[in-house]
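Analysis of the macromolecular model
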Amino acid sequence: MLLEGFAVEDFQRDLIGWFEKEQRDLPWRKDNDPYKVWVSEIMLQQTKVDTVIPYFNKFIEQFPTLEALAEADEEEVMKAWEGLGYYSRIRNLHAAVKEVKEQYGGKIPDNPEQFSKLKGVGPYTTGAVLSIAYGIPEPAVDGNVMRVLSRIFLVWDDISKTGTRKLFEAIVRNIISKENPSYFNQALMELGALICVPRNPACLLCPVQAHCRAFHEGVQAELPVKTKKANVKQVAIAVAVLKDEHGKVLIHKRDGTGLLANLWEFPNCEVVHSQENPERQLEKFLKEEYGTTVRIGNSFTALEHVFSHLVWKITVYDGKIIGDVAETEQLKLVDEQEIGLYAFPVSHQRIWKEYKKTDG
Ligand code: SF4
């Protein structure tokens, strides 16, 4: 039994005592406003703390309350998220705050069952928000916490398997401080971020070293066990920055579902290597898809857009539009100065920056 011989109260005291002294000064820790805690937790999924801080401050300035976010226009919200990536996070959060406004009168439910039913809210977010904002002793187990706990409890189960998280949640339910679940969960996360890091954990500085079984056996470097992901698929994409005779730029809005849904982009197509060169493929695509005749020029940059399961290998061309464009809700010609008003994925923001360099 994993908990046998484990000094739960001493562990809580050592962990929380350390957190009280050493916690980083982060903007979402200034008050325990459930809305701000929620926004920060969503931003922190898949994004590092240092990157999140300026985005968080700007986002809260723009949408200071749940009502403000619920009432905001989708385009404006996407724009505020631009650069953070993983856009389904903000689409779900936006839908969820609207639901909170309508169903719960704007008060974020403090009941795990109700809260976890909201869009984009999984067990980790439920535990993090409810423990930090409402002091409810729910586990908040993410990859970071699994790493720390697999070392402390010497767990050799593969943390990339779904069932393993349940095991760690069960452990946390047994060891979480009922007096201060907020600090307990935050301290575990902070320990994973500052001390019990993936490579070379700083065991000599660790506040819970006395409780750590991996340290006592000298196997902390071998944990956690995590199987490698299957090979990530690579797809070649050709992108065109196209101008018409008035210097207007052609942009396209992606569909409402799938990767980077509803974001704007420069026209692009997947390159099929067995066919003619990418320039001709792009010209054909623009003609067939949008009825637009274009002449593709030179390739001026290449970059990658990495998703969790896929990498786009992007080659970018400049080019000219010949004749008219039939504009629609999803296909627009815009002035260069207006480009900044549209939400683009990071890769396309970089494309625009590179284009501006070559365009003088
Ligand atoms: Fe992690 Fe080392 Fe602390 Fe154990 S002693 S929890 S391995 S930092």
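Structure first, text after, so check above.
Numbering of residues begins from 1 in every chain and follows the order in which that chain's sequence is written. Residue-level local features of this predicted model are given only where pLDDT is at least 70; pairs of side-chain atoms are given and counted only at 80 or more, and the full residue set underlies all totals for whole chains, interfaces and linings. Hydrogens are left out, water is left out, and the side-chain values use all remaining heavy atoms of the structure.

**Topic: the environment of Ala-96**
What counts here: Only runs of H or I of at least four residues qualify as helices and only runs of E of at least two qualify as strands under DSSP, and these elements are numbered from the N terminus. Exposure categories follow from relative accessible area, calculated using a 1.4 Å probe and restricted to protein chains: below 20% of the type maximum is buried, above 50% is exposed, and the middle band is partly exposed.
For Ala-96, the position within the fold is in helix H6 (residues 88-104). Overall, the relative accessible area of 0% leaves Ala-96 in the buried class. Separated by 205 residues in the primary sequence, Ala-96 and Thr-301 have C-alpha atoms spaced 39 Å apart.

**Re the packing of aromatic side chains**
Put simply, the test is: Geometry of aromatic contacts follows a simple scheme: Phe, Tyr and Trp rings, the Trp one being its six-membered ring, pair when their centres are within 6.5 Å, and the pair is stacked under 30 degrees between planes, edge-to-face over 60, tilted otherwise.
Scanning all chains against the criterion turns up 15 aromatic pairs. Ring centres of Trp-28 and Phe-56 lie 5.2 Å apart, and the angle between their planes is 75°; this geometry places the pair in the edge-to-face category. Within this pair, whereas Trp-28 is found in the loop between helix H1 (8-22) and helix H2 (34-44), its partner Phe-56 is found in helix H3 (residues 49-62), the two being separated by 28 residues in sequence. Each member of the pair Trp-28 and Phe-56 is classed as buried. Each ring, one from Phe-307 and one from Trp-312, has its centre 4.8 Å from the other, and the planes form 75°; the classification is edge-to-face. Taken together, the aromatic side chains of Phe-266, Phe-300, Phe-344, Trp-352 and Tyr-355 make up a single cluster linked through ring pairs.

**Quick notes on the nonpolar core**
This is how it is decided: Put simply, a nonpolar core is a bunch of buried Ala, Val, Leu, Ile, Met, Phe, Trp, Tyr and Cys residues held in one set by side-chain atoms that sit within 4.5 Å of each other. In this entry, domain limits derive from an automatic or database-based domain assignment. Any two residues whose heavy atoms approach within 4.5 Å at even a single point are treated as in contact.
The biggest cluster of nonpolar side chains holds 61 residues, and the ones touching the most others in it are Tyr-35, Trp-38, Phe-59, Val-241 and Phe-266. Among the elements that take part in this core, H2 stands out by supplying six residues, more than any other. Looking at which domains feed residues into this core, each of domain 1 (8-222) and domain 2 (233-359) gives three or more. Residues within four places of Val-241 in sequence aside, it is in contact with Val-249, Phe-266, Phe-300, Val-316, Tyr-317, Asp-318, Gly-319, Ile-351, Trp-352 and Tyr-355.

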